[in-house]
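Here are the chains, one letter per residue:
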Amino acid sequence: MPICSSDPYRVTTTCFLAVAAMGASVNVLAQSPDDTAPAVIGAQPIENLIVVGTRLPTPATDVSSSVTVITAEDIERRGYDFAIDAIAAVPGVTVNQNGAFGGLASVRIRGASSEQTLVLIDGVPVTDPSSPGGGFNFASLDTADIARIEVLRGPQSVLWGSDAIGGVVNIITHRGALAPPLSGFLEGGSFGTLRSGVAGAGSFDRGEFRVAVSGIRTDGISKADEADGNEESDGFESLTVNATGAIELPANGRLEATIRYVTAENDFDSFGSQTGVVDGDEVGDSRQLSATLTARFEGLWNDHLDLMGMFGYADIERENFTDGISSFTADGQRTVFRGQATLRPAQAHRIALGAEHEGTETDEDTSIASVFALWEYSPIDAVAVSAGIRRDDHERFGAETTGRASLAVTPLDGLTLRSAWGQGFKAPTLFQTTFFCCGASEPNSDLQPESSNSWEVGFDWRVNSRASLSATWFEQDFENLIVFDFGIGGYDNVPGATNRGLEVAGAIQLTPILGLGLTYAYIEARDNTGARLVRVPQNSGDVELSLTPRGPFSASLVARYNGEEADSRGAVERWLRLDVSASYAIGERYELFARLENAADAQYQQIFGYGTPGISGTIGFRGHL
């Protein structure tokens, strides 16, 4: 009896389940201690990689809470052009986009809303203070200059304050010290897509620098689903310039600077009463600027003290045009001052003490001042305890205290048991506190901050460095969720929601050249009435087969599954997509690469009414000197 039927959906579904069953049997397969586990997104973090999003930089294999690290190598292996596609592979993360190629792209972590996800680029919060909920649009975030992405799941308010109530996406760009003097890439493909980039780096006696430029343009597809009779293609183009530099200072000091500028133009469609969207002449322009200046002094007081001070700035401008006439404008700025002292008073202890001041400005302005303390204790190598507390004082909503604690125990070599508890809070945005309509005479003055309480337990298991398995059960309760209420003509609080579920990630080297990876998430996300939260699938996951024979060729096959989602205008059906990527090295400096997306030509939507590309592909070349 054949394993796959002739029906395309059943073919991909059956094959997905078959490969998933193989991934579930990692504990009974033989391993060789000389082989290494494949680097699969969402699997056990890579050794020798330091996670900085935890405030106390920690080896990825020693982090006691749920963190997934996506490296530049992961991104290249799967051929991702945009960060949103790489982040979608993380267990427990849901992404939604209002149409491909520039459509508004959002990230939800464990069922929390996209506005409850804090996004950092090189330490600067880049979430948009002028948007209604203060979320971040990932649509134009190109992967060309990304060194790694850290996704911290669950409330991180103790570490990063308001906006981190659901989780954090921490993006770190490339630096000049280890970069080649000159590198670049060029690729083209379906829908008239052309993408290219070039970067130059260098170093001198007491410093380093790197400058990178990348861009993409495409004719795109219709944002409104073509299956509903929409045939007009909606194009997209963006340009990203990123520069970093560092100078060594006396007393083990270092001064670092980054600046990033992104401009994008996105064709999109108009409102339609039937599906929510229909063909129309709409264009959105955006400009994003972010910059940091950071001073670090390490190894002070006989290597017992590190000091860090940072200034960060972010500015996002947006303007929409309807039939060539300006129809909407928005501008939001954010400034951050951050200071931290990290102490090592004894071998088993690390303590971080910090203070921050963050200001946001749109048509009005507000600010929040914070202090925090973190403590990490490891009496023996097999035990790590951490705890933290934070006090945020919001200019409009007063003071709020949040806490967190975690424990990691390694009873056996290769097996780590971990647990964590944390609180979070999110103050209303400037838009939510000032907007009113629909007959209301003023904004809702009783609007309160959102809050959350979360716990999780899990384990990480590595077998002879050749296989790994990780699983986490979590539960998070939200209170005072902020929603728009037409009845009062403004924003109001509702009692809350409860999100709970299971995240699984595993990887195994089946043969010396064939690796298998699996990520899966089950999320039960419901509000206080028992209704499912919109745009959160109950089941989702990836399966990856990676082929790495000795020689110049390598390839990857990824099956991505997304379960049915509730949406405001109707249910979004489950879907399964197959993607294939391959590369061929030409010596040590050059490489040809190709990617085939939606290889089975699945017809699906991420958001009700919005289309996605059918089978499509790109081919390109990259190299360095």
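Whatever comes next refers back to the structure up there.
Parameters and conventions
- Residue numbers run consecutively from 1 along every chain, following the written order of its sequence.
- Where totals are concerned, whole chains, interfaces and linings use all residues; where local detail is concerned, this predicted model gives features only for residues with pLDDT of at least 70, and gives and counts side-chain atom pairs only at 80 or more.
- To obtain the side-chain values, all non-hydrogen atoms of the structure were used and water was disregarded.
- Note on terminology: a nonpolar core comprises buried Ala, Val, Leu, Ile, Met, Phe, Trp, Tyr and Cys residues joined through side-chain atoms within 4.5 Å.
- In this scheme, a residue with accessible area under 20% of its type's maximum is buried, one over 50% is exposed, and one in between is partly exposed, where area comes from a 1.4 Å probe on protein chains only.
- Labels follow the DSSP assignment, with helices taken as runs of H or I lasting at least four residues and strands as runs of E lasting at least two, numbered in each case from the N terminus.
- Any pair of residues with heavy atoms lying within 4.5 Å of one another is described as a contacting pair.
- Ring pairs are drawn from Phe, Tyr and Trp, using the six-membered ring of Trp, whenever the two centres fall within 6.5 Å, and their geometry is named by plane angle: stacked under 30 degrees, edge-to-face over 60, tilted for the rest.
- Either the NZ atom of lysine or the CZ atom of arginine qualifies as a charge over a ring when it sits within 6 Å of the ring centre and within 35 degrees of the ring normal.
- We define a salt bridge as a side-chain nitrogen of Lys or Arg found within 4 Å of a carboxyl oxygen belonging to Asp or Glu.
- Think of a polar contact as two N or O atoms within 3.5 Å of one another; within protein, one of them needs to be a possible hydrogen donor and the other a possible acceptor, and neighboring residues in sequence only count if both atoms come from side chains.

Draft legend 1. Fine view of the nonpolar core. Core analysis: the biggest nonpolar cluster contains 35 residues, and I87, V93, V107, F138, I149, V169 and I171 have the highest contact counts within it. Contributing elements (two or more residues each) for this core: α3 (83-87), β4 (93-97), β5 (105-109), β6 (117-121), β8 (146-153) and β9 (167-173). It is α3 that provides the largest number of residues to this core, a total of 4 residues. In contact with I87, not counting residues within four places along its chain, are I70, V93, V107, F138, I149 and V169. V67, V69, V158 and L374 belong to the second-largest nonpolar core, a separate cluster that totals 16 residues.

Draft legend 2. Highlighting the packing of aromatic side chains. Scanning the model with the defined rule gives 12 aromatic pairs in all. The lysine or arginine in question, R55, covers the ring of W160, its NZ or CZ lying 4.0 Å from the ring centre. Sitting above the plane of the F593 ring, R622 keeps its charged end 4.2 Å from the centroid.

Draft legend 3. Expanded view of the environment of V241. Among the secondary structure elements, V241 is positioned in strand β13 (residues 236-249). Separated by 65 residues in the primary sequence, V241 and G176 have C-alpha atoms spaced 15 Å apart. Other than its neighbours up to four places away in sequence, V241 contacts A212, V213, I259, R260 and Y261.

Draft legend 4. Representation of the pattern of salt bridges within the structure. If you walk through the whole model with that rule in mind, you get 42 salt bridges. Here D142 ties to R195 by a salt bridge, and the two come within 2.7 Å at their closest N and O atoms. Here D142, found in the loop between β7 (124-125) and β8, pairs with R195, found in strand β11 (residues 193-204); they are 53 residues apart in sequence, far enough to count as distant. Since its relative accessible area comes to 5%, R195 is described here as buried. Its salt-bridge partner being R560, residue D542 comes within 3.0 Å of it at the nearest N-O pair. Note that D542 is positioned in strand β27 (residues 539-547) and R560 in strand β28 (residues 553-562), a separation of 18 residues in sequence. A residue is classified by how much of its surface remains accessible, and D542, at 4% relative accessible area, is buried. Each member of the salt-bridge network shares a partner with another, and the members are D74, R77, R78, D542, E544 and R560.

Draft legend 5. Fine view of the side chain of D142. A relative accessible area of 3% places D142 in the buried class. At a separation of 2.7 Å, a polar atom in the side chain of D142 contacts the main-chain amide nitrogen of A144. Engagement of the side chain of D142 in a polar contact is seen with the side chain of R195, the distance being 2.7 Å. Not counting residues within four places of it along the chain, the set of residues in contact with D142 comprises D81, F82, R195, S214, T240 and R260.

Draft legend 6. Just the side chain of Q606, in detail. By secondary structure assignment, the location of Q606 is in the loop between β30 (590-597) and β31 (616-624). Among the residues examined, Q606 registers a relative accessible area of 14% and is labelled buried. Within the structure, Q606 has its side chain in polar contact with the backbone nitrogen of Q97 (distance 3.0 Å). The residues touching Q606, leaving out its near neighbours within four places in the chain, are V95, N96, Q97, E565, V572, W575 and T612.

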